[in-house]
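Coordinates in review
Next come the chains, spelled out residue by residue.
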Amino acid sequence: MDKLRIRGGNTLSGEVPVSGAKNAALPELCAALLTEAPVTLQNVPRLRDVTTMRQLLENMGVQTRTDEPGSVTLRAPDTLRPEAPYDLVKTMRASVLVLGPLLARFGHAKVSLPGGCAIGSRPVDQHIKGMQAMGAEIVVEHGYMVARLPAGRSRLHGARIATDMVTVTGTENFLMAAALAEGETLLENAAQEPEIGDLAEMLIAMGARIEGHGTSRIHVQGVDRLQDCTHRVVADRIEAGTFLCAVAATGGDVVLRHGRADHLDAVIDKLLEAGAEIEAGRNAAGDFIRIRASGRLKAQTFRTTEYPGFPTDMQAQFMALNCISQGTSKVTETIFENRFMHVNELVRLGAHIQTDGKVAVIEGVQRLSGATVMATDLRASASLVIAGLVADGETVVDRIYHLDRGYDQMEAKLRAIGADIERIS
């Protein structure tokens, strides 16, 4: 099992390319199920979760090929088997995203209940209720969601879907299903993340009729069929935010190529309040974010919430920054109940953190001390890497397969801007 060995103390400088967003690439791979025509995705990140999703689709009968690094073409024939087995679904909760496209195009699906990081319950009941509102009959048996259209119906029908909570994968599932449903679908309380807007733009390129994406009310007018398209995956705002926190912690001057500042408002606001200098814009090479930092920054209190608020996927990384910042901060996690599992590992590195339910209080210290720590989930892995970059001596981060699920060659990118980091087996 691979580990990362980090020797802390180096400032970071140079340029880092931001990869395509995992949370956009995964639903967009599933969107290829909506048509028999070829779909090409560009700027696809090289991640374990992307590999798993491709394996899942190939297991159904989808033909996939890598045209060049970062470019994947998929073709879903009419003869594919609309089943997502447990062995492929258990490691990745995003696998539930095949449910909507399969139901919309084939009229039936059998999808294992999903897995993923152990950061809290992520119930699929909202997915089921939404599909039922569109006319599907769904039962959960033997660990599978078994869905089909009722006798005499060949298509889902449009509906008003108002979820009990904001759900990103739920919104994505409904968006894909509604694209081929009969009539109009109105999604209320829809998630507003940039990755959902990117999926909607891809579906529109395929011929879907969608309005309101990027807001909490999305209108979809179903069409009879979708066509081929070529789509470029949006840049990963969480990867960009992670590198911003790393530079803020270590000090330095780094440009993030392809970074979208307009997708990171809440994080950038906190970094500016902490004392970092940030500029963003667009040049001949595309979007960029530049961050400069020196010395200890000021600790920041924040509360995670749905987009456009502070993202739960950035909580652990910013907490690592708070650990070595000046002052005391309070972090409130409102999205997932088990998302403080990195706290004990940060404490092993010398951080001063107390937790009480959904609240963590961090007293900043001048320095951390290297140790062996264990990653417990994807974003926790990133927080431990950031802590290792500023800790005295050597830090070893174990179980980095979590990191590989969501970061495209993180250690190589960090090494290129001055970090002393290497992967060991």
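Every residue gets a number counted from 1 within its own chain, in the order that chain's sequence is written. Whole-chain, interface and lining totals are the exception, using all residues; otherwise, since this is a predicted model, local features are given only for residues with pLDDT of at least 70 and side-chain atom pairs are given and counted only at 80 or more. Only heavy atoms go into the side-chain values, all of them from the structure, while hydrogens and water stay out.

**Some remarks on unusual backbone geometry**
Condition: Put simply, DSSP H or I for four residues or longer makes a helix, DSSP E for two residues or longer makes a strand, and each gets a number counted from the N terminus.
For the peptide bond that leads from Tyr307 to Pro308, omega is 15°, which places it in the cis range. Counting through the fold element by element, Pro308 comes out in the loop between β18 (302–303) and α10 (315–323). We note that Asn43 has phi near 60°; this positive angle belongs to a residue other than glycine. Within the fold, Asn43 resides in the loop between β3 (39–42) and α2 (48–60). You will see that Arg399, though not glycine, has its phi angle at about 60°, which is positive.

**Observations regarding the pattern of salt bridges**
Our working definition: When a carboxyl oxygen of Asp or Glu is within 4 Å of a side-chain nitrogen of Lys or Arg, the pair counts as a salt bridge. For each residue, the accessible area found with a 1.4 Å probe, counting protein chains only, is set against the maximum for its type, and the residue is called buried under 20%, exposed over 50%, and partly exposed in between.
For the structure shown, the criterion picks out 29 salt bridges. Ionic pairing is found between Arg423 and Asp2, a salt bridge with its closest N-O pair at 3.2 Å. Residue Arg423 is found in strand β24 (residues 420–424), and its partner Asp2 is found in the segment before β1 (3–7); the two are separated by 421 residues along the sequence. In this structure Arg423 comes out as partly exposed when scored by relative accessible area, which is 29%. Residue classification places Asp2 among the partly exposed positions, given a relative accessible area of 27%. As a salt-bridge pair, Arg237 and Glu195 come within 2.7 Å of each other at their nearest N and O atoms. Of the two residues, Arg237 is situated in helix α8 (residues 237–250) and Glu195 in helix α7 (residues 194–205); the sequence distance between them amounts to 42 residues. On the accessibility criterion, Arg237 (9% relative accessible area) is buried. You can call Glu195 buried: its relative accessible area is 5%.

**Examining α10**
Within α10, nine of the nine residues are buried, leaving the element largely enclosed by the surrounding structure. When α10 is considered as a whole, its buried residues turn out to be Gln315, Ala316, Gln317, Phe318, Met319, Ala320, Leu321, Asn322 and Cys323.

**Considerations on the sheet that holds strand β4 (residues 63–68)**
Put simply, the test is: Strand pairing is defined by DSSP finding a minimum of two bridges between the two strands. Note on geometry: axes are lines fitted to C-alpha atoms, helical ones only across the stretch in contact, with angles between N-to-C directions running from 0 to 180 degrees. Note on definitions: a residue-residue contact is assigned when non-hydrogen atoms from the two residues lie within 4.5 Å.
Ordered by their spatial adjacency, four strands build an open sheet running β4-β5-β3-β14, and the pairing between neighbours is mixed. The open sheet terminates on both sides in strands that have one partner only, identified here as β4 and β14 (229–232). For this sheet the average axis-to-axis angle between neighbouring strands, irrespective of direction, equals 20°. Bridge count between β3 and β14: four bridges; the pairing is parallel. Following the sheet pairing, Gln42 is matched in β14 by Arg232. Across the sheet, α7 is in contact with β3 and β14; its angle to β14 comes to roughly 160°.

**Describing the packing of aromatic side chains**
For the record, the criterion: Between the rings of Phe, Tyr and Trp (Trp by its six-membered ring), a pair exists once the centres lie within 6.5 Å; its type follows the angle of the planes, with under 30 degrees stacked, over 60 edge-to-face, and the other angles tilted.
According to the stated counting rule, one finds three aromatic pairs in the structure shown. Centroid distance Phe302 to Phe310: 4.1 Å. Interplanar angle 25°. Geometry classified as stacked. Take Phe302 and Phe310: they sit in the same class, and that class is buried. Measuring from ring centre to ring centre gives 5.7 Å for Phe310 and Phe318, while their planes differ by 80°; the resulting arrangement is edge-to-face. Side by side, Phe310 and Phe318 carry an identical accessibility label, which is buried. Here the aromatic residues Phe302, Phe310 and Phe318 are joined through ring pairs into a cluster of three or more.

**Here we look at the state of the cysteines**
Selection criterion: By disulfide we mean two sulfur atoms from cysteines, separated by a distance within 2.5 Å.
Evaluated as defined, the whole model comprises zero disulfides. The thiol of Cys245 is unpaired, and the distance to the nearest cysteine sulfur, on Cys323, comes to 12 Å. We classify Cys245 as buried; its relative accessible area is 0%. Residue Cys323 is classed as buried on the basis of its relative accessible area, which comes to 1%.

**Let's talk about the environment of Arg46**
Following the sequence through the fold, Arg46 ends up in the loop between β3 and α2. Overall, the relative accessible area of 53% leaves Arg46 in the exposed class. Those residues in contact with Arg46 that lie beyond four places of it in its chain are Asp408 and Gln409.

**What to know about the environment of Leu256**
One can find Leu256 in strand β15 (residues 252–257). Judged by its relative accessible area of 0%, Leu256 is buried. Taking the C-alpha atoms as reference points, Leu256 and Leu244, separated by twelve residues in sequence, lie 8.4 Å from one another. Setting aside chain neighbours within four positions, we find Leu256 in contact with Val16, Val18, Ala240, Phe243, Leu244, Asp287, Phe288 and Ile289.

**Considering the nonpolar core**
We apply this condition: Joining through side-chain atoms within 4.5 Å is the link that ties buried Ala, Val, Leu, Ile, Met, Phe, Trp, Tyr and Cys residues into a set, and such a set is a nonpolar core.
Within the largest apolar cluster, 77 residues are counted, with the highest numbers of intra-cluster contacts made by Leu33, Met53, Val98, Leu156, Leu175 and Leu203. Aside from chain neighbours lying at most four places away, what touches Leu33 is Leu57, Met60, Val62, Ala76, Leu80, Val98, Pro101, Leu102, Arg105 and Phe106.

**Things to note about the sheet that holds strand β7 (residues 108–112)**
Spatial strand order, β6-β7-β9-β8: four strands in an open sheet with mixed pairing. The sheet is open, and its two edges are formed by β6 (83–84) and β8 (137–141), each paired on a single side. Pairing between β7 and strand β9 (residues 144–148): five bridges, direction antiparallel. In the sheet register, Ser112 faces β9, and the bridge partner there is Tyr144.

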